[in-house]
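# Survey of secondary and tertiary structure
Listed below, chain by chain, are the residues.
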Amino acid sequence: MSITPLFHLERSTFKVTGMTCAACAARIEKSLSRMDGIDQVAVNLAMERMSIAFDGRKIGAAQIGEKVTQLGYGMLPLTRDGEGGEVSGDEERKRLRNRFLWSALFTLPLLWTMFGHWSFTSGVWVPALFMDPWFQFAMALPVQFVFGLQFYIGAYRALRGRTANMDVLIVLSTSAAFLYSHYLTVTGASPHGTMHGGMHEGHVPLYYETSAMIITIVHLGKWLESLAKKRTLTAIRRLHELQVRTVTLLTRSGEEEVPIEQVKAGDTVLIRPGEKIPVDGRVLSGSSAVDESAVTGEVAPADKRDGDSVLAGTINKTGALRVFAMAAGDQSTVAKMVRLLEEAQSSKPSIQRIADRIASVFVPVIVTLAAATFAYWLYAPEAGELGNAMIRAISVLVIACPCAIGLATPTSILVGTGRAAQFGILFKEGRHLEQMHLIDTVVLDKTGTITEGKPKLIEISASGGGTKEELLRLAAAAEFSSEHPLAQAIVLSAVREGLDVPRTTRFEAIPGYGIGAMVDDREVYVGTRQLLLQQGVTPLEDPERIGRLEAQRASVLYVAVNGKYAGFLALQDTIPPASREAVKKLGRMGLDVIMMTGDNERTAKAIASELGIRQVYANVLPEEKVAHVRKLQQSGRKVAMVGDGLNDAAALGAADIGIAVGTGTDMAIEAADVTLLKRSLTGVPTAIRIGRKTIGNIRQNLLFALIYNIVAIPFAASGILEPWMAGTAMTLSSVSVVCNSLRLHRAIS
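Residues numbered from 1 in each chain as written. Predicted model: local features only at pLDDT ≥ 70, side-chain atom pairs only at ≥ 80, totals over all residues. Heavy atoms only, no water.

The following threshold applies: UniProt positions are given in the numbering used here, feature names are shortened, and annotations may be inferred rather than shown by experiment.
An unreviewed UniProt entry lists the chain under the name Copper-exporting P-type ATPase, with Paenibacillus ginsengarvi as the source organism. Under the Catalytic activity (unreviewed entry) heading, UniProt states for the chain: "Cu(+)(in) + ATP + H2O = Cu(+)(out) + ADP + phosphate + H(+)". Quoted verbatim from the Sequence similarities (unreviewed entry) heading of the UniProt record, the comment on the chain is "Belongs to the cation transport ATPase (P-type) (TC 3.A.3) family. Type IB subfamily."

### Some remarks on the packing of helix H16 (residues 468-479) against helix H17 (residues 485-496)
So the rule is basically this: In this description, a line fitted to the C-alpha atoms serves as the axis of each element, helices being fitted only across the stretch in contact, and the angle between N-to-C directions of two axes falls anywhere from 0 to 180 degrees. Numbering of helices and strands starts at the N terminus; helices are DSSP runs of H or I of at least 4 residues and strands are runs of E of at least 2. Orientation categories follow fixed angle ranges, with anything under 35 degrees roughly parallel, anything over 145 roughly antiparallel, 65 to 115 roughly perpendicular, and all other angles oblique. By convention the crossing between two helices is left-handed if the near helix lies anticlockwise of the far one by an angle smaller than a right angle, and right-handed if it lies clockwise. Between two residues, a contact is recorded if the distance between any of their heavy atoms is within 4.5 Å. Polarity classes work like this: nonpolar for Ala, Val, Leu, Ile, Met, Phe, Trp, Tyr, Cys and Pro, charged for Asp, Glu, Lys and Arg, and polar for all others, with Gly in that last group.
Between H16 and H17, the shortest axis-to-axis distance is 8 Å and the interhelical angle comes to 130°. Between H16 and H17, the interaxial angle falls into the category oblique. As for how H16 packs across H17, the hand of that crossing is left-handed. In contact with Leu 472, Ala 475, Ala 476 and Glu 479 of H16, H17 contributes Ala 487, Ile 490, Val 491, Ser 493 and Ala 494. Here the contact of H16 with H17 is composed, by residue class, of seven nonpolar, one polar and one charged.

### Digging into the packing of aromatic side chains
Condition: The pairing test for Phe, Tyr and Trp rings, Trp by its six-membered ring, is centres within 6.5 Å, and the orientation test on the planes gives stacked under 30 degrees, edge-to-face over 60, and tilted for anything in between. Type-normalised accessible area, obtained with a 1.4 Å probe on protein chains alone, sets the label of each residue: buried when under 20%, exposed when over 50%, and partly exposed for intermediate values.
All told, the structure shown has ten aromatic pairs when counted by the stated rule. Ring geometry for Phe 145 versus Phe 178: centroids 5.3 Å apart, planes at 85°, classification edge-to-face. With Phe 145 in helix H4 (residues 133-145) and Phe 178 in helix H6 (residues 166-187), this residue pair connects regions lying 33 residues apart in the sequence. For Phe 145, a relative accessible area of 35% corresponds to the partly exposed category. Here the aromatic rings of Phe 178 and Tyr 208 are separated by 5.7 Å at their centres, their planes lie at 65°, and the arrangement is edge-to-face.

### Observations regarding the packing of helix H12 (residues 386-399) against helix H25 (residues 683-717)
At a minimum axis distance of 8 Å, the contact between H12 and H25 shows a crossing angle of 165°. On the basis of the axis angle, H12 is roughly antiparallel to H25. When you trace H12 past H25, the crossing you get is right-handed. Of the residues in H25, those in contact with Arg 392, Ser 395, Val 396 and Ile 399 of H12 are Tyr 708, Asn 709, Ala 712, Ile 713, Ala 716 and Ala 717. Considered class by class, the residues forming the contact of H12 with H25 number seven nonpolar, two polar and one charged.

### Some words on the sheet that holds strand E6 (residues 254-259)
Pairing between the strands of a sheet is mediated by backbone hydrogen bonds and can be parallel or antiparallel. Counted only if it meets this: At least two bridges found by DSSP between two strands is the condition for calling them paired.
The strand order across the open sheet formed by six strands is E6-E5-E7-E13-E8-E11, and the pairing between neighbours is antiparallel. Both edges of this open sheet fall to E6 and strand E11 (309-310), since each of them pairs with a single strand only. The pairing of strand E8 (residues 280-285) with E11 spans two bridges and is antiparallel. From the neighbouring strand, Arg 282 faces E11, where its bridge partner is Ser 309.

### Describing the UniProt feature "transmembrane region" (unreviewed entry) in the chain
Residues annotated by UniProt as "transmembrane region" (unreviewed entry) correspond here to residues 100-121, 133-156, 168-186, 206-224, 358-379, 391-415 and 702-721. Within residues 206-224, the helical portion is 89% and the strand portion 0%, while the C-alpha atoms at the span's ends are 30 Å from each other. Taken end to end, residues 702-721 is 80% helix and 0% strand, and its two terminal C-alpha atoms sit 23 Å from one another.

### A look at unusual backbone geometry
A positive phi is found at Asp 520, a non-glycine position, where the angle reads about 50°. The residue Asp 520 is located in the loop between strand E18 (514-519) and strand E19 (522-527) in this model. Unlike most non-glycine residues, Asn 619 shows phi in positive territory, near 55°. Relative to the helices and strands, Asn 619 resides in the loop between strand E23 (615-617) and helix H22 (622-634). The exposure class of Asn 619 is partly exposed, given its relative accessible area of 37%.

### Digging into helix H20 (residues 577-588)
Because an α-helix completes one turn every 3.6 residues, residues spaced three or four positions apart along the sequence face the same direction. Note the threshold: Working rule for helices: expected span equals 1.5 Å times residues minus one. The arc in question is the one traced by the directions running from the helix axis out to the C-beta atoms.
For H20, built from twelve residues, the straight-helix expectation of 16 Å at 1.5 Å per residue is met to within 8% by its first-to-last C-alpha distance of 17 Å. Looking only at H20, the buried set comprises Ser 579, Ala 582, Val 583 and Leu 586. Looking straight down H20, one finds its buried side chains confined to an arc of 95°; they lie on one side. Projecting away from the buried face of H20 at angles above 90 degrees are the exposed residues Pro 577, Lys 584 and Arg 588. Of the surrounding elements, those touching the buried residues of H20 are strand E15 (441-445), helix H15 (446-450), strand E22 (592-596), helix H21 (601-611) and H25.

Printed below as a string of structure tokens:
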């Protein structure tokens, strides 16, 4: 694996075909990571996906594909709907079903002969033809070498690559049973009356049904597994369905129907009632109710009118809308959701890496155990029969396949991240979902996170002979380029008052304090009391008046013009009911909740007491937010930081888990590990609950898979389990793991 600067790396996701167990995924990762130019590679067995980061100057997708092919697998690009290559998921499931049905058809006569195994079924009529060794050979032959051909190909490729996988175990076990039975048929079996699994009337036992049933049961397991996996991929498939293919573009010549790929930021599109909104943008004209449930998880339709923002993937319900496109195609919200979800589901949490290490040594260990079992039953004084020794070794080979171990983690991650997406919660990587259950402390930013982020100007006071209108006009001009909710509220107030807001010739954001700008050749500063003091300006206000406003949860911004105090603006933000509900839920979950804000202490404490938050850090600068987070971590806390602004980006990156409110700044979203698409704090306890449920589900799966193998192997080695029983148990173990993962759909509500 080479070390490459991040700006040179290309990231791609491909579909990988031909994998049968965790050993295959581990082999691909190990081989590709040794190639020059490849920085990271993660193979997801459940999704049949490979995420890879590589230096495009040293290696390309073609060379990576060649290497994957040399290893014995196929690599295909992902299509727009998330499938890979020409064969869709439905076609693959149909192929698996047909393979099982044909294999079962040839195995059924051999299965019929097994009624002679037990005394309580010995009265069942068995056609004489079915008892003929050559007829049994004819039935078992196509199952072994036609419907079982894929296992031979997979085993050959694995062994050629100096590794072993499930195919090797299946080929070893079924070939031994088939070839030994064929040898007996040719050299020693009577043409009639042969019974299976033991001596009857002096004839030699045959094991054709053993090899045929193992292959048929494995095909059945693969088909059932694919049906179960289809359900785990429901969320990502639904997101793909939200992406439209054509758009009505408004041009100078009128309306034009164009592919979505041709739409770019700055275009104007028309969305009629009932159509999906194809772009992120702002409504230019029209009004409608928009269903945003598929993107944000919000059930109630949102009313949209001139100036309101809309998201790609949402559905226009009632009226026509003309929308100015701000992000289209790969940059739209729904495209980013698909990308984030695919990356999260393809990434590999640490618990999966442990499972992979177990699976990578499992096959060689099992082959050794099977050889030891064969030797014991062949040479033990109480045994000493070749057929019995072989059957017991076959049972060990079949029952101990590490399929369930390989599926234990990725299927749970698939369901967990998919379910989270339905709530409007996006995890960047699977490891972030895994780490969520460790969180014991949640730190909340105030403005735009706890509060609604839509403050209103409630009081304005001008000093030094200036007017309120002039003060508001200058403050709005200075704040015009700022993304902060307080700044946007000041600008909106000036616009509503009909004031002429001039352009600035210089703008500077001072994180944690405020802003500075040149307006009409005047130097204007708007921000905290500390900002003005730094500029040598003393705010001359009645402390009682300011204290009264701050006790009412108002944020007071002071204004200086050309080095002189000009007045203040008081803005008040509302606390939505969702914030109160979220803080209560976090408390009931046993989590410590802390509020951290750059606002003054009185305002911060007023808001905290209203919400029931006991610990408050006020007057905190961005770099101090990072220091507070690290101090909590040094005391042994696992910290989740929740924020939405530029001031929060560093703290989001420093926390164990950074959670960004989706309507926040791009820098905050980029720094975070989890994004809430809905501006609601209720997503925080939901995300933590999903993390806890998912890790619990993973542990159940791994525990079941490991206990199954530990318990089942002695039963197989002792002869209690026949090979066909072992094959059935192996198949059911994989299907059971996938079905247990699917329980998360119901468990997370």
